[in-house]
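Understanding the architecture of this molecule
If you want the building blocks of each chain, they are given just below.
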Amino acid sequence: MTQLTFARAINAGLRKSLENDSKVVLLGEDIGALGGVFRVTDGLQKDFGKHRVVDTPLAESAIVGTAVGLAYRGYRPVVEIQFDGFIYPAFDQIVSQVAKLHYRTRGAVRMPITIRVPFGGGIGSPEHHSESPEAYFTHTSGLRVVTVANPQDAYTVIQQAIACDDPVLYFEPKRRYHDKGEVDESMDPRSALPMDKARVLTDGSDVTLVAYGPLVKTALDAASAAADEGISIEVIDLRSLAPVDYEPVVASVRKTGRLVVTHEAAQSGGLGAEVAASITERCFYHLESAPVRVTGFDIPYPYSKLEMHHLPGLDRILDGVDRALGRPNSLSGLEG
Amino acid sequence: MSTDETGPGGAKTPESAKTPGEAGPDLLQLITPSGERISHPEFDFWVRDIADDQLCSLFEDMTVIRRIDVEATALQRQGELALWPPLLGQEAAQIGSGRALRADDFVFSSYRENGVAYCRGVDLTDLLRVWRGNASGGWDPYSINMATPQIIIGAQTLHATGYAMGIQNDGADAVAVTYFGDGATSEGDLNEAMVFAASFQAPVVFFCTNNHWAISEPVRLQSHIQLADRATGFGIPSLRVDGNDVLAVMAATRLALDRARRGGGPTFIEAVSYRMGPHTTADDPTRYRDANELEDWAAKDPISRLAGLLDRKGILTAELQQQVKDKADAVASEMRRGCTTMPDPQPMDIFKHVYSTPNSWLERQQDHYARYLASFGDPDGAVSKEGAR
């Protein structure tokens, strides 16, 4: 076991994939000599060469579109989108090509493309650098969407994503890049928890709290604070956003009778709405109260001096827990 | 053709601007519209092996794909196909380039390159599968080394460029060829593809069929310069060729392929042709197109041009004409039979191939829908009952 930051853990996972499969190629802006703006690809071009770790011109549609061609040719491209807000120029290639080519060719052509996207806020950046665009992609059939919440997962899931024959959007919680954690680099990703499975992080009996990516740590902090007040929260790290692994969530809600979902992305049409609806369908008679969403607001990502109001923090999550429990909360007395 | 001096928004075009699509001294031509073979100091080299029997073969290919096109249009009018994108007028561009390719080259085309697919050996039933609504893609791309046609304009130019980067990595000497129309030159993807192709010197040929119309938008709305000149700005050498001249197209394509195979990087070919029919069978070009323009281009027809050359050479015999007609009729008949006997897909097929590995969300939806269908007793019957509601 070694202590690694998120960024180093992803780097180590990429390195393993490059070592194990000569068909793995990395593409992106600034990923070579610079090692990426977050240094996630640091040293990889030096060790694997410019044909395996390709510094590309600045054009997102082309980065993804050429990855499609490489996949046609039998490669496993891993592309880096420099920031979440820069993914939109590549949107057409992702949703109309990457997602659909397997279907369009009735299984003849595989698109084992991994699209790495640093996402989420909390780092004081200007606009376009802190967004959570995951719902655009979870809405598109043919794509798998995953995110990670600790360095061990960061290390194994990136390898699972690259090995997967389906296209995978791999969302990296950028405000956690420098957080450290134990990583077992000898762990075989094939024996690790599959990337499409959710994980129950804490046992709890009062409320099920679902989170993913950057908010898993905040959710754990909230559970810990709630425990001091005698409230028992079961925290679930969703990990896979498409498909969502509902089984552990269903099992948990049947036990607790209450659901809170939290994410940084805007509320309307967000993944929280989907989870709440799906759990309501499956667990209606077990629910003691309506599912609660604690999310970003339906606004453009705000300027950094105010971003902490937008991002769900520990106290907003606990307020949501109070709502689920029917305890006094910020909306007490409000009808509808 | 007409040279309209009025640009978009009624503004006058600059005096110096050349109308894209205009014939000019830079237009490579080896056969004149009247069928005269004219020599070219550089490009004769690239078709020096094309003897009389091969000219006859090209004549047959062009006639066959025109017949395929007519038959498919008829099938659409008879309700057997939902839609069809005719290639009438573009036979030389497709056969001249398609016949220049090697089996290990890989084609990424738009939806109109049915003649190129014919050159690649496509199964004729597969050619109609998409347009009949039986599938989103007609064939296994690896079976003929041609991607299923792209509907999003210009998206395939990036796929070709990426594929070419893969060829480069593999150290192979194959070439990726991408086909697109004049409308695609306005799209970001083609421009990004040219940036990447030039940056990496990828072995890719950009084959632009300038057929003058992007549905109802004339090429002069897309560009104030010749399309071939656009490539120069990306550092990509370009050729402007008479797209209705099968030999000229073949020569240009062979040069571009050879350059790519020898590590010379990408080439952009503008084949100047004309879409004689509608954009698709759902389109009505009489609403936006001058009949005189059509007449001008009819005089440059690619098949009668080659027939003119064969006639001058004394090889356009009645026997040859009958033989070609019989072949075209046989192909059309086979295609029609394949179309009308194509089995309908099964309801549960809609869930197939979304993912290559199981997906729990979809499996649940699939299971629920199967139960729903089963509630009617007969899954096939359920669909017809639904339709009757």
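Coordinates for the structure precede this section.
The structure reproduced in this document is the subject of the present report. (Residues numbered from 1 in each chain as written. Chains lettered and ligands numbered in written order. Predicted model: local features only at pLDDT ≥ 70, side-chain atom pairs only at ≥ 80, totals over all residues. Heavy atoms only, no water.)

Moving on to the overall build of chain A. Summing up its helical and strand segments, chain A has 12 helices and 14 strands in all. Here the C-alpha radius of gyration of chain A, 20 Å, is about what a compact globule of 336 residues would show, namely 20 Å. The principal-axis extent of the C-alpha atoms belonging to chain A is close to 60 × 40 × 40 Å. The 336 residues of chain A split such that 62% are buried. (Helix = DSSP H or I, 4+ residues; strand = E, 2+ residues; numbered from the N terminus. Rg over C-alpha atoms; globule rule 2.2 N^0.38 Å. Buried < 20%, exposed > 50% of the residue type's maximum accessible area, 1.4 Å probe, protein only.)

On to the overall build of chain B, then. Scanning chain B from N- to C-terminus turns up 15 helices and seven strands. Taking 2.2 N^0.38 as the reference for a compact globule, 389 residues should give roughly 21 Å; the C-alpha atoms of chain B span a radius of gyration of 22 Å, in line with that estimate. Taken over the C-alpha atoms alone, chain B extends approximately 75 × 50 × 50 Å along its principal axes. The 389 residues of chain B split such that 54% are buried. Across chain B, every contact between residues at least 6 apart in sequence was considered, and the portion connecting residues at least 24 apart equals 74%. Carbon together with sulfur atoms contributes 51% to the accessible area of chain B, which is approximately 15,900 Å² in total. Of the side chains in chain B, 36 bear a positive and 54 a negative charge, and the two mean positions are spaced by 2 Å. (Contact = heavy atoms within 4.5 Å. Areas by Shrake-Rupley, 256 points an atom, 1.4 Å probe, with all protein chains shown as cover. Lys, Arg positive; Asp, Glu negative; His and termini not counted. Charge placed at Lys NZ, Arg CZ, Asp CG, Glu CD.)

Between its first and last C-alpha atoms helix α1 (residues 52–77) of chain B spans 38 Å; for 26 residues at 1.5 Å apiece the expected length is 38 Å, and the two agree. Remark: Gly79 of chain B follows α1 of chain B within two positions and exhibits a positive phi of approximately 85°. (Expected span 1.5 Å × (residues − 1).)

Note that the residue after Ala242 of chain A, namely Pro243 of chain A, is joined by a cis bond; omega there is -5°. Within the fold, Pro243 of chain A resides in the loop between β12 (240–242) and α9 (246–256). The phi torsion at Arg106 of chain A lies on the positive side, around 50°, for a residue other than glycine. Positive phi, normally seen in glycine, also occurs at His353 of chain B, with a value near 70°.

Take the packing of helix α2 (residues 91–98) of chain B against helix α10 (residues 246–261) of chain B next. All names here are of chain B. Following both chains from N to C, one finds α2 and α10 inclined at 40°, their axes separated by 8 Å at the closest point. Classified by the angle their axes make, α2 and α10 are oblique. Remark: the crossing between α2 and α10 carries right-handed chirality. In this structure, α2 contributes Ala92, Ala93, Ile95, Gly96 and Ser97 to the contact, and α10 contributes Val246, Val249, Met250 and Thr253. (Axes fitted to C-alpha atoms, helices over the stretch in contact; angles between N-to-C directions. Parallel < 35°, antiparallel > 145°, perpendicular 65-115°, else oblique. Left-handed = near helix turned anticlockwise from the far one by under 90°.)

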